Amino acid sequence: MLKEGVFLGKRYEIIERIGTGGMADVYKGKDHKLNRFVAIKVLKSDFRADEEFIRKFHSEAQAAAGLMHPNVVNVYDVGQDRSLHYMVMELVEGITLKDYIEKKGQLSAKETISISIQMATGIDAAHKQHIIHRDIKPGNIIISRDGKVKVTDFGIARATTEANTISSNVMGSVHYTSPEQARGGVVDIKSDIYSAGITMYEMVTGHVPFDGESTVAVAIKHLQEEIKSPAEEVPDIPYSLECIILKCTQKNPEKRYPDAQSLILDLKRSLVDPEGSFVALDGVARPSETVAITSDELEQIQREANYDDDYDDDYYDEQDDYDDDYDDEDDGYDDRDEDVNPKMARVMKILMIVVGAIIALAVIFLVARAAGAFKIGNNTLLSATADSKVKVPDLVGMTEQEAKKALNDKELGCKVSARKTSDKYEKGVVMEQETASGEKVKKNTQVKIVVSSGKTVEQVSVPNVTGQDESAAQKTLENSNLVVESTADYSDTVEAGKVISTDPAAGTTVAEGTTVTMTVSKGAKKPDTVAVPSIVGMSQESASSTLSASNLLTGSVTQNYSDTVDVGLVISQSISAGTKVNQGSGVDFVVSLGPEKKMIEVPSLSGMAADQATEALSSLGLSLGAVSEEYSDSVTKGFIISQTASAGSQVEEGTAIGFTVSLGSEIKEPDEGDGGDKEDPSDNKTDNKTDNKTDNKPSGNGSSTSDSSTN
């Protein structure tokens, strides 16, 4: 666990830990470069030595970093500091959908649809970036304080392409896993849609459809058991929403929505036409067919479950391997889909025959009845029919559950047609019934009731108490019939004892009796002090790491010459070792350039012979560099033509200076076109002169003398 005040990457300050998972801890942090609060996921020490896992950790960040959407928790940065691998994400203040469901028990249809639309929009954005989440569940859906729904934790997500599928043996969160994922088959966008359907089921019913004592038991239920319609528990659920949930949770992926965009369209239509029959269930009006599981697949699930029983699904899942050799013939569906249309054709043919027979019997009955054929004394067939009717009980004043039981005892159904406020009836009590009590109706008739949602609650606006004293603010809020709770926090801008903010915020319309939490200032937080470590003699990198480990920052780094400290090591530091300073303070230090070298002015070598030039360089503390030779018509043989460093320039002592020595004039070969062996007297004369001149030895002043006359 990281301490408060520690900096990562010289930029992100750790403020407090806000969560933990099997693979990583999550901290609230502050980005001092952009001056904003962030969430920082830091990999646990157990996994830092696993290079493959580290690679996957960074791969996750890179995949998610390309996904920027208002319904997704965005990833800002990924890095490493002192063997700590971390990912910086958007900080969302709010509550997980899981906690929200537990708090409310069940969500209304409108609230479920509203949350589902935003959830599906975030999933759709990921799918368009070729990212499959593979762990959609209420715990990975966050509802921010302003009502925005965001999908988070792409912990077992992996970027893919149209040409590649993802196959994995990851169980994930087994209560929400798709049948193909539990089976270890191909996982694609329809697997996320299945998990979204399970999440919607939990929103409307308050619980998941399948539960068991182990992950194996739950996984097998996903494979073999039918999902009960949510209408069996929530009779007033809109028909369209019921069908949407059933379509999302079909065992066969081909019968689910083809993509998240199609799901979004049906959810939006459900808001407008709740009882509409526009959802195509591919011939299945209720939960879809089960899928047989082989003994080999059962053993595979058991092996995976043994690994997964300790899986902490709050954050990062390390199992993220591709299976490029997956055999499509073992996908668990065989050729079952090919039998659907023939079967449906046979069923439709039988239904046509049955319907025809019923119509024929009805016609015969009506004709016979008109002729009086069914009269038997004072009794008639109609009296027998009347006996099959039952009286509707008086339901007003009963609780909703009591009303349902009373109707079920009479073999009647119950449907809540509306929930209305009432000052007369308590919440959950039947206040109206659309079929009057005592009226006779046929068995299995559905009786509609209106249930009280409680007394009418007055709405108030949360007053603005920011900057007020705690006691005065509390009184102001209580005068608005609000319940007040207080919490404290540090503030650099609000005086201690005064209100920083309220939750809900000022101006928000809420019901009377709503709890409002005031955040009261504790004043500016005084930073903790630390002792400055000694960094003299360390390399620049080691010095920076040592300061960071002490929660200090690297300040200005300068360089200087030193006769005693080796190149690259710290000569001195701006704050003496052992001095107490505030955490986050910067420490400047100076790095050695080594001993300062003496600067020498380069002499002019022009007019010197090679040995004279060498001696001149040596006497000044310079060394001899590369020496080359070339012909020159203007410089006498053996003398300097040019030098590598300009005369008068400044170089360090010991610098190598090279030069070029003249070979004299270049001797040209006779022209073959002059007659071959004949010698030109003038040529001999010229050669003699050249030879005589070349053989002359130079004097110290660069002049030459001749041993023979040129006359």
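Residues numbered from 1 in each chain as written. Predicted model: local features only at pLDDT ≥ 70, side-chain atom pairs only at ≥ 80, totals over all residues. Heavy atoms only, no water.

In the annotation of an unreviewed UniProt entry, the entry for the protein reads non-specific serine/threonine protein kinase, and the organism field reads Hespellia stercorisuis DSM 15480.

S.K.: Just checking my understanding: could you explain the overall build of the protein for this structure?
M.R.: Helix and strand counts for the protein come out as 16 helices and 33 strands. Every one of the 711 residues in the protein was classed for burial, and the buried ones make up 40%. Accessible surface, the protein as shown: approximately 38900 Å² in total, 48% of it carbon and sulfur. (Helix = DSSP H or I, 4+ residues; strand = E, 2+ residues; numbered from the N terminus. Buried < 20%, exposed > 50% of the residue type's maximum accessible area, 1.4 Å probe, protein only. Areas by Shrake-Rupley, 256 points an atom, 1.4 Å probe, with all protein chains shown as cover.)

S.K.: Sorry, what's going on with a positive patch on the surface here?
M.R.: A contiguous patch of positive charge on the surface is contributed by Lys389, Lys391, Lys410, Lys440 and Lys442. Of all the secondary-structure elements, those providing two or more residues to the positive patch are strand E14 (389–391) and strand E17 (440–442). Mapped onto the fold, lysine 389 is located in strand E14. On the basis of relative accessible area, lysine 389 is assigned to the partly exposed category, the value being 36%. (Patch = residues over 30% accessible without salt bridge, like charges linked within 9 Å, V, L, I, M, F, W, Y side chains within 5 Å. Salt bridge = Lys/Arg side-chain N within 4 Å of Asp/Glu carboxyl O. Lys, Arg positive; Asp, Glu negative; His and termini not counted. Charge placed at Lys NZ, Arg CZ, Asp CG, Glu CD.)

S.K.: How should the sheet that holds strand E9 (residues 141–144) be read in this particular structure?
M.R.: Think of a sheet as strands paired side by side through backbone hydrogen bonds, with each pair either parallel or antiparallel. With respect to topology, three strands assemble into an open sheet ordered E7-E9-E10, the strand pairing being antiparallel. The sheet is open, and its two borders are formed by strand E7 (94–96) and strand E10 (149–151), each paired with just one other strand. In this sheet, neighbouring strand axes are inclined to one another by 30 degrees on average, regardless of whether the strands run parallel or antiparallel. With three bridges connecting them, E9 and E10 associate as antiparallel partners. Looking at the pairing, isoleucine 141 lines up with valine 151 of E10. Taken strand by strand, helix H2 (residues 97–104) contacts E7 and E9, and its axis lies near 85 degrees from that of E7. On top of the sheet, helix H3 (residues 109–128) reaches E9 and E10; it is set at about 35 degrees to E10, its chief contact. (Pairing = 2+ DSSP bridges. Axes fitted to C-alpha atoms, helices over the stretch in contact; angles between N-to-C directions. Contact = heavy atoms within 4.5 Å.)

S.K.: Which parts of the structure should I look at to understand the packing of helix H7 (residues 239–248) against helix H8 (residues 260–272)?
M.R.: The description of two helices packed together rests on the angle between their axes and the distance between the axes. Close contact between H7 and H8 brings their axes to 9 Å; oriented N to C, the two are set at 165 degrees. Between H7 and H8, the crossing angle belongs to the class labelled roughly antiparallel. Note on packing geometry: the crossing formed by H7 with H8 is left-handed. For the pair H7 and H8, the contacting residues are Ser240, Leu241, Ile244 and Cys248 in the first and Leu263, Asp266, Leu267 and Ser270 in the second. (Parallel < 35°, antiparallel > 145°, perpendicular 65-115°, else oblique. Left-handed = near helix turned anticlockwise from the far one by under 90°.)

S.K.: Teacher, can you tell me more about unusual backbone geometry here?
M.R.: The omega angle of the peptide bond from aspartate 503 to proline 504 is 5 degrees, so this bond is cis rather than trans. With respect to the secondary-structure elements, proline 504 resides in the loop between strand E21 (499–503) and strand E22 (509–511). For lysine 10, which is not glycine, the phi dihedral falls at a positive 55 degrees. Judged by relative accessible area, which is 59%, lysine 10 ranks as exposed. Although it is not a glycine, asparagine 481 sits at a positive phi angle of roughly 60 degrees. Relative to the helices and strands, asparagine 481 is located in the loop between helix H13 (470–479) and strand E20 (483–489).

S.K.: It is not clear to me how the sheet that holds strand E33 (residues 656–662) should be interpreted in this structure. Could you clarify?
M.R.: In spatial order, the strands read E30-E33-E31; together these three strands make up an open sheet with mixed pairing. A single partner strand is all that each edge strand has here, and the edge strands are strand E30 (623–630) and strand E31 (640–643). Going from strand to strand, the sheet's axes swing by 25 degrees on average, the running direction of each strand aside. For E30 and E33, the ladder comprises six bridges, and the chain directions are parallel. Of the residues in E33, the one forming a bridge with glutamate 629 is valine 661. Across the sheet, helix H15 (residues 610–619) touches E30, E31 and E33, and the angle it forms with E33 is around 165 degrees.

S.K.: Help me understand the pattern of salt bridges, please; the structure alone is not making it clear to me.
M.R.: Any two side chains of opposite charge can pair, so long as their charged atoms come close to each other. Using the criterion set out here, one finds 18 salt bridges in the structure. Across the pair arginine 36 and aspartate 31 runs a salt bridge whose closest N-O atoms are separated by 4.0 Å. With a relative accessible area of 31%, arginine 36 lands in the partly exposed category. Taking the relative accessible area as the measure of exposure, aspartate 31 reaches 1% and is therefore buried. We note a salt bridge from glutamate 202 to lysine 98, for which the minimum N-O separation is 2.7 Å. With glutamate 202 in helix H5 (residues 189–205) and lysine 98 in helix H2, this pair connects stretches of sequence that are 104 residues apart. Its relative accessible area of 3% is what places glutamate 202 among the buried residues. Among the charged side chains, a salt-bridge network with shared partners connects Asp236, Glu400, Lys404 and Arg419.

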